[in-house]
Amino acid sequence: MADDITRTPEWRALEAHSRELRALHMRDLFAEDHERFERFSIRFGEMLLDYSKNRVVPQTMALLRALARAAGVEQWTQRMFAGEIINTTEQRAVLHTALRDRDATAVRVQGVDVMPAVRDTLAGMRRFTDAVRGGAWLGASGRPVTSVVNIGIGGSDLGPAMVTDALVAEAASSLDVRFVSNVDGAHLATTLADLDPATTLFVIVSKTFTTQETLANAHSARTWLVQRLGQGTDVSRHFVAVTSETDRARAFGVDAANVFEFWDWVGGRYSLWSAVGLSVALAVGMDAFEALLDGGHAMDRHFLEADFECNMPVTLALLGVWYSNFLGADAHAVIPYDQRLRRLPAFLQQLDMESNGKRVDRDGRAVSCGTGPVVFGEPGTNAQHAFFQLLHQGTRLVPADLIGIAHTDFPLGDQHVMLVANFLAQGVALMRGKTIEEVTAELTRAGLGAEEVARLAPHRCYPGNHPTNAIVLRRLDPRNLGALIALYEHKVFVQGVIWGINSFDQWGVELGKQIAGTLLPAVAGEPTAVLSDGAVRGLLGQFRAWWSDQS
Ligand code: F6P
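Residues numbered from 1 in each chain as written. Predicted model: local features only at pLDDT ≥ 70, side-chain atom pairs only at ≥ 80, totals over all residues. Heavy atoms only, no water.

Asker: Is there a simple way to explain the packing of helix H15 (residues 344-356) against helix H20 (residues 478-499) in this structure?
Answerer: When two helices pack together, their arrangement is given by the angle between their axes and by how far apart the axes lie. Following both chains from N to C, one finds H15 and H20 inclined at 25°, their axes separated by 10 Å at the closest point. In terms of axis orientation, H15 runs roughly parallel to H20. Crossing geometry of H15 relative to H20 is assigned as right-handed. Within the contact between the two elements, H15 uses Leu 344, Phe 347, Leu 348, Leu 351, Asp 352, Ser 355 and Asn 356 and H20 uses Leu 484, Ile 485, Tyr 488, Glu 489, Lys 491, Val 492, Gln 495, Gly 496 and Trp 499. Along the lines of polarity and charge, the residues of the contact of H15 with H20 split into nine nonpolar, four polar and three charged. (Axes fitted to C-alpha atoms, helices over the stretch in contact; angles between N-to-C directions. Helix = DSSP H or I, 4+ residues; strand = E, 2+ residues; numbered from the N terminus. Parallel < 35°, antiparallel > 145°, perpendicular 65-115°, else oblique. Left-handed = near helix turned anticlockwise from the far one by under 90°. Contact = heavy atoms within 4.5 Å. Nonpolar A, V, L, I, M, F, W, Y, C, P; charged D, E, K, R; others polar.)

Structure, rendered in structure tokens:
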């Protein structure tokens, strides 16, 4: 395994190759090779990855695969699945794959098989969700639950919220499941405004059970409940918790029997497969939740077993490395052509940017290449009417994943046909572009004079050559969604291995938390608090002036 990947012959070969390929346009690659789609597509289960609209030729992919081998992707993958302590800055194994392991084989962390505990938790989740969904679980006033509010942030919110939205077609139950994350009181207050406390259940999700935002919201939720149902209300009928710090959840007032455990070998942003998915299971039922796990597990097997040539996560990862490290891209867009996947970009932002937004390698040395890209996105077609202008005509190279769904669960006239046409069109437009000659001919045909044509043509032509991956699912069902999420998890993992970084810690989020902690007394108005930052003094002065002026 290479110490510094940028000093390997594989890296240098890619640098040389990128210089040769810079002048190539994908339009020409398609014209020269009619087999491009077959050559550059992978099918797995009910998923198709078409990566033909990338600035690659077969040699590019061969060189990238050689780079992955030189980085030790196969060995690191084995180490992760085997439960080795690969998150060395936190001394933890990385085993979200065990949460969805359906093979009944032992998975050991420091000699202990974790699978019995995983299965116990799943059984507990089933008992609980069946009771709530079936109306057997009663609130303190003896009424069944009609609303669930998940309180958590980051990985304790984004994954379950995204999946709950995505599986809305499965949510036949009458439960209304909502998510609150922001410490801004507006989030909790507006979420609770139309809820009946007697029939509301709160699921407090926090791996550490110390996260400021989550605890603040949990306390406010408890106050809201008690104020409305009366002092002495049995709040344990309205609060359950998901955490790896079970004592802290009990100290908050959650009944020990209603604390669902997960483990330190599950990273927050990889935790939706654990009891962190409890709100998902409440929304869609445990059978659907287990189908999600099945899909994730199927992708794990594919990732482990498929040759690099037809391995989807490896291929996506390598294409990302190609653009980030050899063609100068800094960003990556994710555009799901399905409204139900509207939270997918936000989920992937945490997954990718919290994992691979690193500047030192596993041994603490500065990395010598760019690491994770800026990830962003919005559902298509909305995104087309917002930021696609920059993708088509801006000066930056922004590779994009376009995600399409073959069957819709919400047929409305011919709207799905329109959606699919747009999904296909954007890949073509970004790839082909439109030349100045084509624009000139078009404007001339439309009857414009030569001067006007010359004036407008530069504004109306498109360079093209913008790469996209098309990912198509047969249907957005739990199994396929599970496979899609695991696809991205493994993509991020492979990239982290190539860059030689630890994708599983997140020290970069700590400093802001620390400073917020030290500023809190001053912001709260403690007279003895000292503010050393001049700008903060100025800003807080303005806040205070407006706070004291109630008009
Ligand atoms: O601050 C970042 C982070 O630690 C994420 O990694 C995590 O998903 C989120 O906060 C929430 O943490 P917890 O589940 O411990 O409340």
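Asker: Quick question: what am I supposed to make of the pattern of salt bridges here?
Answerer: Opposite charge on two side chains lets them pair, provided their charged atoms get close. One pass over the structure, following the stated rule, counts 30 salt bridges. Arg 340 is the salt-bridge partner of Asp 409, the closest N and O atoms lying 2.8 Å from each other. Here Asp 409 is found in the loop between strand S12 (400-407) and helix H17 (415-432), whereas its partner Arg 340 is found in the loop between strand S10 (331-336) and H15, with 69 residues between them in sequence. According to the relative accessible area criterion, Asp 409 is partly exposed, its value standing at 28%. Judged by relative accessible area, Arg 340 falls into the buried class, the value being 7%. Taken together, the salt bridges that share partners define one network made up of Arg 102, Arg 126, Asp 287, Glu 290 and Asp 294. (Salt bridge = Lys/Arg side-chain N within 4 Å of Asp/Glu carboxyl O. Buried < 20%, exposed > 50% of the residue type's maximum accessible area, 1.4 Å probe, protein only.)

Asker: Help me out: how do you make sense of the packing of aromatic side chains in this one?
Answerer: A complete count under the given rule lists 18 aromatic pairs for this structure. Look at Phe 40 and Tyr 51: their rings are 5.4 Å apart centre to centre, the planes differ by 65°, and that puts the pair in the edge-to-face class. Separated by 11 residues along the polypeptide, Phe 40 in the loop between helix H3 (36-39) and strand S1 (41-44) and Tyr 51 in the loop between strand S2 (47-50) and helix H4 (58-71) bring together distant segments of the chain. Classification of Tyr 51 as buried rests on a relative accessible area of 1%. (Phe/Tyr/Trp six-rings, centres within 6.5 Å; stacked < 30°, edge-to-face > 60°.)

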